[in-house]
Amino acid sequence: MSVAIVTDSTACLPPELVERYGIEVVPVNIIFGGRTFTDSMSADTGAFYELLRNASDRPTTAAPSPGAYVEAIGRAARRADAVLCVTVSRQFSAMYDSARQAIAMVKAESPALDVRLLDSRNAAMAQGFMVLEAARAAEAGATFDAVVARAEAMASQVTLLAMLDTLSYLARSGRVPRVAAWAAGVLQVKPIVRFRASDIKLVARARTRPRAIETLARQIELMAGARTVHVAVHHANAPADAEALMARLATRLTLAETYVTEFTQVMGVHTGPGLLGLAFWAE
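Residues numbered from 1 in each chain as written. Predicted model: local features only at pLDDT ≥ 70, side-chain atom pairs only at ≥ 80, totals over all residues. Heavy atoms only, no water.

A. Representation of the sheet that holds strand β6 (residues 82-87) in the model. Reading across the sheet, the four strands line up as β2-β1-β6-β7 and stay open at both edges, with parallel pairing between neighbours. Either end of the sheet is taken by a strand with one partner, and the two such strands are β2 (24-26) and β7 (114-119). Neighbour to neighbour, the strand axes of the sheet diverge by 20° on average, direction disregarded. (Pairing = 2+ DSSP bridges. Helix = DSSP H or I, 4+ residues; strand = E, 2+ residues; numbered from the N terminus. Axes fitted to C-alpha atoms, helices over the stretch in contact; angles between N-to-C directions.)

B. Representation of helix α5 (residues 124-139). Relative to the 22 Å expected for 16 residues at 1.5 Å per residue, α5 spans 22 Å between its end C-alpha atoms, a close match to the ideal helical length. A large share of α5 lies buried, amounting to 14 of its 16 residues. Two residues or fewer past α5, Gly141 is found with a positive phi of approximately 90°. (Expected span 1.5 Å × (residues − 1). Buried < 20%, exposed > 50% of the residue type's maximum accessible area, 1.4 Å probe, protein only.)

C. Just the pairing of β7, in detail. Across six bridges, the pairing between β6 and β7 is parallel. Paired with Cys85 across the strands is Leu117, a residue of β7. Note on the crossover from β6 through helix α4 (residues 95-109) to β7: the handedness is right-handed. (Right-handed = clockwise from strand over helix to strand, strands pointing away.)

D. Up close: the environment of Ile220. Among the structural elements, Ile220 can be located in helix α9 (residues 209-224). Given the relative accessible area of 0%, Ile220 is considered buried. The spatial distance from the C-alpha of Ile220 to the C-alpha of Ala279 is 9.5 Å, given a sequence separation of 59 residues. Once you skip the residues sitting within four places of it in the chain, Ile220 turns out to touch Leu161, Gly225, Val229, Val231, Leu249, Leu253, Leu278 and Phe280. (Contact = heavy atoms within 4.5 Å.)

Pasting the structure below:
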């Protein structure tokens, strides 16, 4: 049985991986200044982050409609016998519920099609690595149960660490206590936040960006140890810092695969410009 994978744009998957494994990506919508933008990894985001820094009105995001998931599942089903849909953590977004409604609609029309839904409990390339490993298992000829099991096993293996210029963007979205955001702004620190299996924790603080970059590198080094690591460095309009961080990791870790990617715009809405992050898992 062949298996195809559907996910959403918050997975921050590089376009070449999406094409290589035939992954269907459902984009999230961004409402900004009365206009609706489609989240994308291929768009030039420089102008977007400049607008985000200077706009008086904060943009909002809207989960894809069930119809968008129905269309993606339909495209996937044209080349596979079964479809696995992996969404961003349901704690962060309504995408899981939208996909669940879509799957119910698909099954009503095509009861023979095996479609399953998985809450990644993660975001960004922590979610993306789950999708990627499921796609690789499917390409290798694994059964549908084995593909789902591989994705589920990855949920507790992947970790996302992020350094933010400020916690104020996350605070607005209700992800961290507002007092923590206020303190970070007053002290002018760079908070290091860990996202793992729906859990968000403030794990470290640094006074400057260079120290924050070193803290990120040290955190992954401590967590990975001597194991081989799969890593994606994310950034929100900070490409030079991202490349510097990846170069630092290359001298300290045994790396199986590496990616340097910008956050999609919808992720940047919640984290703000200047973010630098690491999504990784260790073998």
